[in-house]
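# Summary of the model geometry
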Amino acid sequence: MISFSVNAQRGVRIGYIDTEFILENIPEYQEATSQLNDKANKWKIEIDEKLSTIAQKRKDLSNEKALLTKELVDEREEDIAFEEKEILDYQQKRFGPNGDLFIQKKQLMQPIQDQIFAAVQDMAATKQYDFIFDKSSDAVMLFSAKQFDLSDQIIRSITRSAKRTQAESRAELKAAKDEELVPEINYELEARQKALEEKKAERESAIEKARQEKLDARAAKVKEAEDRRQKILDDREKAKQERLDTTTTQPEVKVEETNKAVETKAKAETKADQTAKPVETKIEPKVEAETKTQAQLIEENRQKKLAEREARKKELEDRKKKILEERQKAKDSVNNK
């Protein structure tokens, strides 16, 4: 009853703090926050650059799609999709609900919150506060008098505690300077990282193997098409050569047949001239002159036909030589291309 009477006489003591204001005035928190923001900006720039690279690859593929085969287009789209998925996974790892940014921010806030909570508990016990509220929390405070604000006192308490901790830390560091420190090994983390690396290496190996198989199949198709094209060209060249040989042989046969016919006709005419001798031994000079003139005409006609045959044969040889030269030039031009 005496204790209740004393509490009733002094009344209820209430105070409040502003956590955001306290955090803004703690240098360690501000420095750590600045470093964390720099790290987040670096991650964001890295992700934006990778996404920009993927967008450029998609644009290039869209421009080159008309020049590529369907297999090559599908392969490049698969590679782009895989890279995009990797970047999105990386973005989720950094900025997701359980990402590095959230975890590091929580790790950064937890020691400061513990210090604030410890300072509040100590102040409430020392100065006998009944209630201490947090202005920056979800509790709605329509009005709060400045005289009940304990934020400055909490900051001074945390600062003094931090200075004592730094002094103790320096003393401990000086005392443990010559001691051998054994690093702590997290076997579970190493095993998880090793499993992730093996899985990534296996996936990359499978992708590379599938890509190599597609490249080999495409190379085989290209070689098959090239062999088919070369065979068509060879067949076409062979048919052309046969036509040229046939065209060259036929005129020669015709010339030989013509020459044979001329020779046969000339022999027949000569034989007829030799057979057609006069019965009488006395022949007038005029008849002999006419017979001799006719023989000369036959001989001249034969010589003329022989000369024409030689000229025609020479002309055919020249034409054949010219065709062979043009064919050789065409082959050289195809080989050069």
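The shown structure was predicted, so the numbers you read here are calculated from the model rather than taken from an experiment. (Residues numbered from 1 in each chain as written. Predicted model: local features only at pLDDT ≥ 70, side-chain atom pairs only at ≥ 80, totals over all residues. Heavy atoms only, no water.)

### Examining the overall build of the chain
Assigned secondary structure in the chain consists of 8 helices and 2 strands. In the chain, which comprises 337 residues, the share counted as buried stands at 15%. In the chain, the proportion of contacts linking residues at least 24 apart, taken out of those at least 6 apart, comes to 82%. Accessible surface, the chain as shown: approximately 27600 Å² in total, 54% of it carbon and sulfur. (Helix = DSSP H or I, 4+ residues; strand = E, 2+ residues; numbered from the N terminus. Buried < 20%, exposed > 50% of the residue type's maximum accessible area, 1.4 Å probe, protein only. Contact = heavy atoms within 4.5 Å. Areas by Shrake-Rupley, 256 points an atom, 1.4 Å probe, with all protein chains shown as cover.)

### Topic: helix 3 (residues 27-64)
Each α-helix turn comprises 3.6 residues. Residues three or four places apart therefore point the same way. End to end, helix 3 covers 56 Å across 38 residues, agreeing with the expected 56 Å (1.5 Å per residue, within 8%). Within helix 3, the full set of buried residues consists of Tyr 29, Ala 32, Leu 36, Ala 40, Trp 43, Ile 47, Ile 54 and Leu 61. Buried residues along helix 3 sit in contact with helix 2 (19-24), helix 4 (70-95) and helix 5 (100-127). (Expected span 1.5 Å × (residues − 1).)

### So, the layout of surface pockets
A volume near 750 Å³ is recorded for the largest pocket. Elements that contribute at least two residues to the lining of the largest pocket include exactly helix 4 and helix 7 (187-275). Of all the elements, helix 7 adds the most residues to the lining of the largest pocket, at 9 residues. The class makeup of the residues in the lining of the largest pocket is 5 nonpolar, 1 polar and 11 charged. Considering only enclosed or pocket space, the second largest pocket measures out at about 400 Å³ in volume. (1 Å grid on protein atoms, 1.4 Å probe; cavity = no way out; pocket = protein on both sides within 12 Å on 5 of 7 lines; lining within 4 Å. Points joined across faces, edges and corners; volume = space filled by probe spheres on them. Nonpolar A, V, L, I, M, F, W, Y, C, P; charged D, E, K, R; others polar.)

### Quick notes on the packing of helix 3 against helix 5
Two numbers describe how helix 3 lies on helix 5: the axes approach to 11 Å, and their chain directions differ by 180°. The angle between helix 3 and helix 5 falls in the class roughly antiparallel. Along its contact with helix 3, which presents Tyr 29, Ala 32, Thr 33, Leu 36, Lys 39, Ala 40 and Trp 43, the element helix 5 presents Asp 100, Leu 101, Gln 104, Lys 105, Leu 108, Met 109 and Ile 112. Of the residues assigned to the contact of helix 3 with helix 5, the class counts are 9 nonpolar, 2 polar and 3 charged. (Axes fitted to C-alpha atoms, helices over the stretch in contact; angles between N-to-C directions. Parallel < 35°, antiparallel > 145°, perpendicular 65-115°, else oblique.)

### So, the pattern of salt bridges
All chains considered together, the criterion is met by 21 salt bridges. The partner of Lys 65 in a salt bridge is Glu 77, with the nearest N and O atoms 3.6 Å apart. Taken together, the residues Lys 65 in the loop between helix 3 and helix 4 and Glu 77 in helix 4 connect sequence positions 12 residues apart. Among the residues examined, Lys 65 registers a relative accessible area of 40% and is labelled partly exposed. In the salt-bridge network here, residues are joined through shared partners; they are Glu 75, Arg 211 and Arg 218. (Salt bridge = Lys/Arg side-chain N within 4 Å of Asp/Glu carboxyl O.)

### Remarks on the packing of helix 3 against helix 4
Packed helix pairs are characterised by how far apart their axes lie and by the angle those axes make with each other. Where helix 3 contacts helix 4, the axes come no closer than 10 Å and their chain directions differ by 165°. One element, helix 3, and the other, helix 4, form an angle in the roughly antiparallel class. The interaxial crossing formed by helix 3 with helix 4 has left-handed handedness. Of the residues in helix 4, those touching helix 3 at Ala 40, Trp 43, Lys 44, Glu 46, Ile 47, Lys 50, Leu 51, Ile 54, Lys 57, Arg 58, Leu 61 and Glu 64 are Val 73, Arg 76, Glu 77, Ile 80, Ala 81, Glu 83, Glu 84, Ile 87, Tyr 90, Gln 91, Arg 94 and Phe 95. (Left-handed = near helix turned anticlockwise from the far one by under 90°.)

### Describing a positive patch on the surface
A grouping of Arg 13, Lys 127, Arg 156, Arg 160 and Arg 164 is seen on the molecular surface, where their side chains present a positively charged patch. Of the residues examined, Arg 164 reaches a relative accessible area of 51% and is grouped as exposed. (Patch = residues over 30% accessible without salt bridge, like charges linked within 9 Å, V, L, I, M, F, W, Y side chains within 5 Å. Lys, Arg positive; Asp, Glu negative; His and termini not counted. Charge placed at Lys NZ, Arg CZ, Asp CG, Glu CD.)

### Section: the nonpolar core
Ile 17, Ile 22, Tyr 29, Ile 116, Ile 154 and Ile 158 are the most contacted members of the largest nonpolar core, which totals 18 residues. For this core, the secondary structure elements donating two or more residues are helix 2, helix 3, helix 5 and helix 6 (151-175). Per element, the largest residue contribution to this core is 7 residues, and it comes from helix 5. Once you skip the residues sitting within four places of it in the chain, Ile 116 turns out to touch Ile 17, Thr 19, Ile 22, Leu 23, Ile 154 and Ile 158. (Core = buried A, V, L, I, M, F, W, Y, C linked by side-chain atoms within 4.5 Å.)

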